[in-house]
Amino acid sequence: MSASTNDTPPAARKRRGSGRATIHDVARLAGVGSITVSRYLKQPERVSAELGTRIERAVKELNYVPNLVAGGLASSRQRIVGMVVPNISGPIFAPTIQAFNDTLNRHGFQVLLASSYFSKAQEENAVRTFLGWSPAALVVTGRFHTRATDALLAASGIPVVETWDYAPRRKPIQVGYSNHAVGVQAARHLIGRGYRRIAFVQNGVAGDLSAVDRRDGCAAALREHGLEPWTYVPQAAAPFDAGREALQALLPAGRGKRRADAIVFANDNLAAGALLAAQRQGIDVPGQCALMGFGDYPFSPLLLPSLTTIRPPAQEIGELAARRILEALGEIEPDGQSARLNLLGCELLAREST
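Just so we're clear, the structure is a prediction, and the values are computed from it rather than from any experiment.

### So, the side chain of R351
Mapping R351 onto the fold places it in the segment after β12 (347-349). Reaching out from R351, the side chain makes a polar contact with the side chain of D296 at a distance of 3.1 Å. In terms of polar contacts, R351 uses its side chain to reach the backbone carbonyl oxygen of L307, at 3.0 Å. In contact with R351, other than residues within four places in its own chain, are D296, S300, P301, S306, L307, T308, T309 and R311.

### Examining unusual backbone geometry
Backbone torsion omega between V285 and P286 reads 10°, so that peptide bond is classified as cis. A cis amide bond links L304 with the next residue in sequence, P305, at an omega value of 0°. Mapped onto the secondary structure, P305 falls in the loop between β9 (290-292) and β10 (309-311). Of note in this structure, N63 is not a glycine but carries a positive phi near 55°. With respect to the element layout, N63 can be found in the loop between α5 (49-62) and β1 (80-85).

### A short note on the pairing of strand β6 (residues 198-201)
Here is the key point about a regular strand: its side chains alternate between the two faces of the sheet. Alternating residues of β6 divide into I198 and F200 and A199 and V201, and every residue in both groups is buried. Note: β6 against strand β8 (residues 262-265), four bridges, orientation parallel. The residue bridging F200 from the neighbouring strand is V264, located in β8. When β6 meets strand β7 (residues 231-232), the two strands line up parallel, connected through two bridges. Residue pairing for β7: V201 is matched across the bridge by Y232. Remark: the β6/helix α10 (residues 209-224)/β7 crossover connection has right-handed handedness.

What counts and how
Residues numbered from 1 in each chain as written. Predicted model: local features only at pLDDT ≥ 70, side-chain atom pairs only at ≥ 80, totals over all residues. Heavy atoms only, no water. Helix = DSSP H or I, 4+ residues; strand = E, 2+ residues; numbered from the N terminus. Polar contact = N/O pair within 3.5 Å; in protein donor to acceptor, adjacent residues only side chain to side chain. Contact = heavy atoms within 4.5 Å. Buried < 20%, exposed > 50% of the residue type's maximum accessible area, 1.4 Å probe, protein only. Pairing = 2+ DSSP bridges. Right-handed = clockwise from strand over helix to strand, strands pointing away.

What follows is the structure in structure tokens.
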């Protein structure tokens, strides 16, 4: 046996050859007993700091997650699929969740659902927990994850789908659309209507990096037409408050101050807050300033004036993500399309606010 083989830790050799790491792999790599590892995972304060450091290092190196299925083997798989979305209560993700759940239910799978609320750390915790239940597959939102989450997904040995985004060079199956292209689409619509002082309002909630992609797309389109990009980031966290704050900042009172003649908002909630504030302040929309959102929330066509927005393919994302998982698991035959590249389109709905 060569020296290089002798230098490879037994746990690492086993990890490469047997898929998901076990508690015994962690124990061997850390140089402790399995009982000590189990004790550390359940009650870390009962293990010395030195041993705890070694165990934690081994856990991270092996991308180990505890198997929560009682009596199960680390290689066992359940007929469950984990799904992490930024906001369960938000109307924009509801059609995706419902379509995804309905499609998988018809094939005997149950969905475990978690909300990250745009926190990469919360998403990592959810992914780690889901993997402990030995799911058949995992679905996450977007491509922006912690390094640990990326490592966990890569080492999971199960189908992984990234939704609500489109990054074809990434390893997980992609089902979504280009947020950058959406930003371009919004800006070109407003430029075509004759607006020139166009501002983009980001989400007041930190971590909405897809909205940042839309901002960048909007800025790129403005530069193409010789216009200066303009971004405002609200301090208020509540969407309607943030929308009102943005409107007041971008349409300041007094002569000589720069005023927007059109505003693109990261979502319809922000745009609705601005629209209601405009009505209270007697600002004519779109006469003095056009307003545009993203998401096509149920209330958007009912506002006065009705809100121009861009409708993402929310239901289609859920259905197609479920189908790609079922194909990867051998539950259904492939539909003849690419199982990795699933680029969908978004629909611009021009209404009264622009």
